[in-house]
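Here are the chains, one letter per residue:
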2 protein chains.
Amino acid sequence: MNMDNGRKIKDVLYEQVARIGKAVSSPKRLELIELLSQGEKTVDTLSREASISMKLASAHLRELRNAQLVETDRRGKNIFYRLAGKAVSDLWVNIHTLAEERLVELQMALQKIATEPNDLVPSDRETLMKMARRGEVVVLDVRPADEYLMKHLPFARSIPLDELRHRLAELPKDRPIVAYCRGPYCLMAKDAVELLRREGFSSAHLRDGVAEWEAAASR
Amino acid sequence: MNMDNGRKIKDVLYEQVARIGKAVSSPKRLELIELLSQGEKTVDTLSREASISMKLASAHLRELRNAQLVETDRRGKNIFYRLAGKAVSDLWVNIHTLAEERLVELQMALQKIATEPNDLVPSDRETLMKMARRGEVVVLDVRPADEYLMKHLPFARSIPLDELRHRLAELPKDRPIVAYCRGPYCLMAKDAVELLRREGFSSAHLRDGVAEWEAAASR
DNA sequence: GTATCATTCTAGTATTTGTTAGAATATAAA
DNA sequence: TTTATATTCTAACAAATACTAGAATGATAC
């Protein structure tokens, strides 16, 4: 028995696992996963936010469905997609974190979009939360309001990036404002920090999004 | 600024992350990663154990190197490959665990190779370790001896599968013997359990390998 | 019925990938 | 020098993939 080392059965097993790998082997599908890790979204929203046609989005989403990484749910005219579980957004965090650790090209690309160093804000999560709880910093969620509603960091306040300019009066000038958005590849928080600094606020950029925060919280 | 939503920079970022995804999108590369999660190995060993030609193994390993998931090290005539860090074997565990959770086809394939249910052995790690520490069970590593030497479970004893038949006398008949090998897709422990049961031992199969054990330990 | 949201089918194109094979090359041990 | 180990180059083939486009189809809301 198992003279052939169990070749046939092994081939089946690894081929199945590779279905997950194939699903995360495309840049656009990774972007869709990241968007979905903010919460459920329609195909229309996804295609606009990922800058692709709806047909292409549909095709990629079908691949993700084939790999059972997303689920759908029709409500009215729209079909909502969502990740099939926290394990999926954890996988996204795992992969992009590993990529950031190992790929110099990615590190360099990320440096280009980095905001100035932020002496203001402690980099570790617990201290930041402690300060947020005490009101020593303002944690600012600059994503669209619906994403904030679905999930957000503890103590975070929501001002979507495109409303920020007109709502500056809501923010204090005597305390640091820590802006975050969808994660390290999202540029909204960076833009928010630049705007806030120009307007005389002290502001810093938190690279983590909700997915990264929750993935870190569960270990 | 960022009128185009940062499209160009985003495309670069996701493309880089997709290098990791591409690396894990091939069944053979996943198998190589699993083999390497046992410890460093030569190309020759890898190609034999994955049942592919050395040239093909070489090509796949080059892909893994391009994604910076493996490192090499020449010693004498041989070139040894190893995973670039624990994060890589954690990624393997993460992916195959997610696949097992979500893909029915994989679940069914795994059922086919499952040993009979094992009332004998507690399924949670801590209890098993407690019993192993007390000597209430024998944890048996049936992988090749060099893999055992590089890394093994606490309290595990090594008897490679192909020596097991001739070394049965070393094992007790009054206590359960819990066999493990490289992980859930490795058939050696299953074979060992079947042999042991035929020979009158009480034996059970631990699906975890060293990578799964360590990944679980770090959370 | 009409408009909106989404998928599917067909079709085409360009690119990449997995695999095998033969020949050449590089490294180091014996 | 010979041998074992490993990579590279060339070539070739089949298959899969990413993307685009046009047209048709379904489902739902109004």
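Before any of the text, the structure's been laid out above.
Now for a quick tour of the structure. (Residues numbered from 1 in each chain as written. Chains lettered and ligands numbered in written order. Predicted model: local features only at pLDDT ≥ 70, side-chain atom pairs only at ≥ 80, totals over all residues. Heavy atoms only, no water.)

Here we take up the pairing of strand S6 (residues 177-180) of chain A. All names here are of chain A. Of the two faces of S6, both are covered, the one formed by Ile177 and Ala179 as well as the one formed by Val178 and Tyr180. Bridge count for strand S4 (residues 138-141) against S6 is four bridges, and the pairing is parallel. Of the residues in S6, the one forming a bridge with Leu140 is Ala179. Here S6 runs beside strand S7 (residues 203-205); their pairing, made up of three bridges, is parallel. By the bridge assignment, Val178 is partnered in S7 with Ala204. (Buried < 20%, exposed > 50% of the residue type's maximum accessible area, 1.4 Å probe, protein only. Helix = DSSP H or I, 4+ residues; strand = E, 2+ residues; numbered from the N terminus. Pairing = 2+ DSSP bridges.)

With that out of the way, let us pick up the protein's contact with DNA strand C. Near DNA strand C you find 20 residues, and of these Asp44, Ser58 and Tyr81 of chain A together with Lys55 and His60 of chain B are the closest. When the atoms of DNA strand C within 4 Å of the protein are sorted by group, sugar and phosphate make up 72%. In this structure, a sugar or linking oxygen belonging to DNA strand C sits 3.1 Å away from a side-chain N or O atom of Asn78 of chain A. In the environment of DNA strand C, a base oxygen lies 3.3 Å from a nitrogen or oxygen atom belonging to the side chain of Arg74 of chain B. Of all elements in the fold, only helix H3 (43-49), helix H4 (54-66) and strand S3 (78-83) of chain A together with helix H4 (54-66) of chain B reach the threshold of two or more residues within the surface near DNA strand C. Counting residues per element, the surface near DNA strand C draws most heavily on H4 of chain A, at four residues. Residue classes in the surface near DNA strand C are distributed as five nonpolar, six polar and nine charged. (Near = heavy atom within 4 Å. Polar contact = N/O pair within 3.5 Å; in protein donor to acceptor, adjacent residues only side chain to side chain. Nonpolar A, V, L, I, M, F, W, Y, C, P; charged D, E, K, R; others polar.)

The subject of this paragraph is helix H2 (residues 27-36) of chain B. Counting buried positions over the ten residues of H2 of chain B gives nine, a clear majority of the element. Here H2 of chain B has its buried residues at Lys28, Arg29, Leu30, Glu31, Leu32, Ile33, Glu34, Leu35 and Leu36 of chain B.

The subject of this paragraph is the protein's contact with DNA strand D. Near DNA strand D there are 21 residues, and of these Lys55 and His60 of chain A together with Asp44, Ser58 and Tyr81 of chain B occur at the shortest range. Put simply, 72% of the atoms of DNA strand D that lie within 4 Å of the protein are in sugar or phosphate. Within the backbone of Asp44 of chain B, an N or O atom sits 2.9 Å from a phosphate oxygen of DNA strand D. Going through the elements one at a time, helix H2 (27-36) and H4 of chain A together with helix H3 (43-49), H4 and strand S3 (78-83) of chain B are the ones with two or more residues in the surface near DNA strand D. Ranked by the residues each element gives to the surface near DNA strand D, the list is headed by H4 of chain B, at four residues.

This paragraph deals with the nonpolar core. If you look at the biggest cluster of nonpolar residues, it comprises 84 residues, and the most contacted ones within it are Leu69 of chain A together with Leu69 of chain B. Residues in contact with Leu69 of chain B, not counting those within four places in the same chain, are Leu98 of chain A together with Ile20, Ala23, Val24, Ile33, Leu64, Arg82, Leu83, Ala84 and Val88 of chain B. (Core = buried A, V, L, I, M, F, W, Y, C linked by side-chain atoms within 4.5 Å. Contact = heavy atoms within 4.5 Å.)

Further remarks concern the pairing of strand S4 (residues 138-141) of chain B. All names here are of chain B. Covered by surrounding structure in S4 are Val138 and Leu140 together with Val139 and Asp141, the residues of both alternating faces. The sheet contact formed by S4 and strand S5 (residues 157-158) spans two bridges and is parallel. Among the inter-strand pairings, Asp141 is bridged to a residue of S5, identified as Ser158. In the classification by handedness, the crossover that spans S4, the intervening helix H8 (residues 145-150) and the parallel S5 is right-handed. (Right-handed = clockwise from strand over helix to strand, strands pointing away.)

To continue, consider the interface of chain A and chain B. In this complex, chain A contributes 60 residues to the contact, which on the side of chain B involves 60 residues. Between the two partners, chain A and chain B, sit eight salt bridges. The partner of Arg19 of chain B in a salt bridge is Glu105 of chain A, and the shortest N-O contact between them spans 3.1 Å. Taken together, the links from chain A to chain B amount to twelve residue pairs in polar contact (both at pLDDT 80 or more). (Salt bridge = Lys/Arg side-chain N within 4 Å of Asp/Glu carboxyl O.)

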